[in-house]
Amino acid sequence: MSLILDGKIVAESVYARVQEEIASLPIQPKLTVVLVGEDPASQTYVKSKANRCEKLGLQSETIRLPATVLENELYSVLETLNEDVGVHGILVQLPLPNHLSKYEVARRISPVKDVDGLHPENAGLLLQGRPRFAPCTPAGVIEMLDFYKIPIEGRHAVVIGRSEIVGKPAAQLLLQRNATVTVCHSRTVATESLTALADILVVAMGKPESVDRTWVKPGATVIDVGIHRVGGKLVGDVHTESVHEVASAISPVPGGVGPMTIAMLMQNLVRAARLQYPPSN
Ligand code: GUN
């Protein structure tokens with residue numbers, strides 16, 4: 001049976017650290033979230049972000065735009081936020097409607113306010129091994145491994161998934177911590193034969209309960225980044241019951257990586273406020 005990596009406990013440790021940093025700042029950091037359209041899951045996430053800001057004594061604001069907003073209208077909202085010295089962090093909730101490019105949108109957020117870490121400058125800094133803002137979910141994965149003292153250096157980490165927001169940055173963060181990293185994706189041949197070599201397996205493939213015990217090396221640490229509602233129940237990308245028998249540690253869904261995303265967002269926000277203080281204009 002494996003150790004359960006409890007994201008709520010790890011997130012609380014991050015909040016304690018963030019709270020100390022907030023207390024040492026002469027300003028109250030502010031997060032502005034831009035929500036385009038009415039995707040129900042996005043609305044829930046956005047609410048959770050605002051609630052957490054309130055709990056920590058941070059300012060937050062949500063700007064709601066219709067799903068039909070023109071790209072130039074969205075860019076002009078972002079420009080106003082970039083210039084507002086009272087706003088320290090900007091996040092455009094994903095996914096966006098099809099007529100908007102997440103790449104072009106990320107490019108229009110000031111890189112020092114880009115708490116999602118998706119601006120090409122921040123992605124580039126991460127690639128160079130000197131991250132400014134790492135994307136929150138993969139940063140949360142590393143935080144979990146550190147909290148539970150799971151060594152990374154010299155170990156073989158396999159990441160399943162190559163998204164901009166999870167798979168790619170997770171691979172970069174693991175590499176920066178001196179893991180040997182393999183990235184698997186939808187076109188990988190015999191993924192199971194590669195995952196079976198992993199000391200640390202990060203699963204962000206977006207398919208419910210797809211990784212079972214046959215994919216996992218005995219004693220491995222398995223981090224499940226997936227979240228899906230199946231028959232009214234939340235499940236991850238990993239078939240937890242099966243993998244539980246072989247892994248030495250596993251993050252559950254819900255209550256694993258999920259709570260880490262907002263915790264790391266708060267950390268990025270405080271970092272952003274520190275970077276921007278004192279304001280130069
Ligand atoms: N949608 C799901 N996760 C995220 C995230 O971490 N950031 C943004 N901007 N949108 C998301």
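As a reminder, the structure under discussion sits directly above these lines.
What you see is a predicted model; the values in this text were computed from it and never measured.

> Let's hear about the sheet that holds strand β7 (residues 200-203): which residues, and what values?
Spatially, 6 strands are ordered β1-β11-β8-β7-β5-β6 in an open sheet, and the strand pairing comes out parallel. Of all strands in the sheet, those bounded by a partner on one side alone are β1 (3-4) and β6 (180-184). Alignment of strand β5 (residues 156-160) against β7, held across 4 bridges, turns out to be parallel. From the neighbouring strand, valine 158 faces β7, where its bridge partner is leucine 201. Those strands touched by helix α7 (residues 167-176) are β5, β6 and β7, and its axis lies near 170 degrees from that of β5.

> For the pattern of salt bridges, give the residues involved together with the corresponding values.
Scanning the model with the defined rule gives 10 salt bridges in all. The partner of arginine 274 in a salt bridge is glutamate 21, with the nearest N and O atoms 3.8 Å apart. Separated by 253 residues along the polypeptide, arginine 274 in helix α10 (residues 258-275) and glutamate 21 in helix α1 (residues 7-23) bring together distant segments of the chain. Judged by its relative accessible area of 41%, arginine 274 is partly exposed. The salt bridge involving lysine 217 is made with aspartate 199; its shortest N-O contact spans 2.9 Å. Taken together, the residues span a long stretch of sequence, with lysine 217 in the loop between β7 and β8 (221-224) and aspartate 199 in the loop between α8 (191-195) and β7 at a distance of 18 residues. Residue classification places lysine 217 among the partly exposed residues on the basis of a relative accessible area of 28%.

> So what's going on with the environment of asparagine 178? Which residues, and what values?
Relative to the elements of secondary structure, asparagine 178 occurs in the loop between α7 and β6. For asparagine 178, a relative accessible area of 43% gives the class partly exposed. Sequence separation of asparagine 178 and lysine 149 is 29 residues, and the distance between their C-alpha atoms is 15 Å. When sequence neighbours within four positions are dropped, the list of residues in contact with asparagine 178 reads Ile152, Glu153, Gly154 and Arg155.

> Can you lay out the site of the ligand for me, pointing to particular residues and giving the numbers?
Residues in close proximity to the ligand include Leu91, Val92, Gln93, Leu94, Asp116 and Ile165, which together make up its full environment. The separation between a nitrogen atom of the ligand and a polar main-chain atom of valine 92 is 2.9 Å. Isolated, the ligand exposes 270 Å² of accessible area, and the fraction of that covered by the protein chains is 81%. Here the shell around the ligand is built from residues that sort into 4 nonpolar, 1 polar and 1 charged.

Reading the values: the criteria
- Residues numbered from 1 in each chain as written.
- Predicted model: local features only at pLDDT ≥ 70, side-chain atom pairs only at ≥ 80, totals over all residues.
- Heavy atoms only, no water.
- Pairing = 2+ DSSP bridges.
- Helix = DSSP H or I, 4+ residues; strand = E, 2+ residues; numbered from the N terminus.
- Contact = heavy atoms within 4.5 Å.
- Axes fitted to C-alpha atoms, helices over the stretch in contact; angles between N-to-C directions.
- Salt bridge = Lys/Arg side-chain N within 4 Å of Asp/Glu carboxyl O.
- Buried < 20%, exposed > 50% of the residue type's maximum accessible area, 1.4 Å probe, protein only.
- Near = heavy atom within 4 Å.
- Polar contact = N/O pair within 3.5 Å; in protein donor to acceptor, adjacent residues only side chain to side chain.
- Areas by Shrake-Rupley, 256 points an atom, 1.4 Å probe, with all protein chains shown as cover.
- Nonpolar A, V, L, I, M, F, W, Y, C, P; charged D, E, K, R; others polar.

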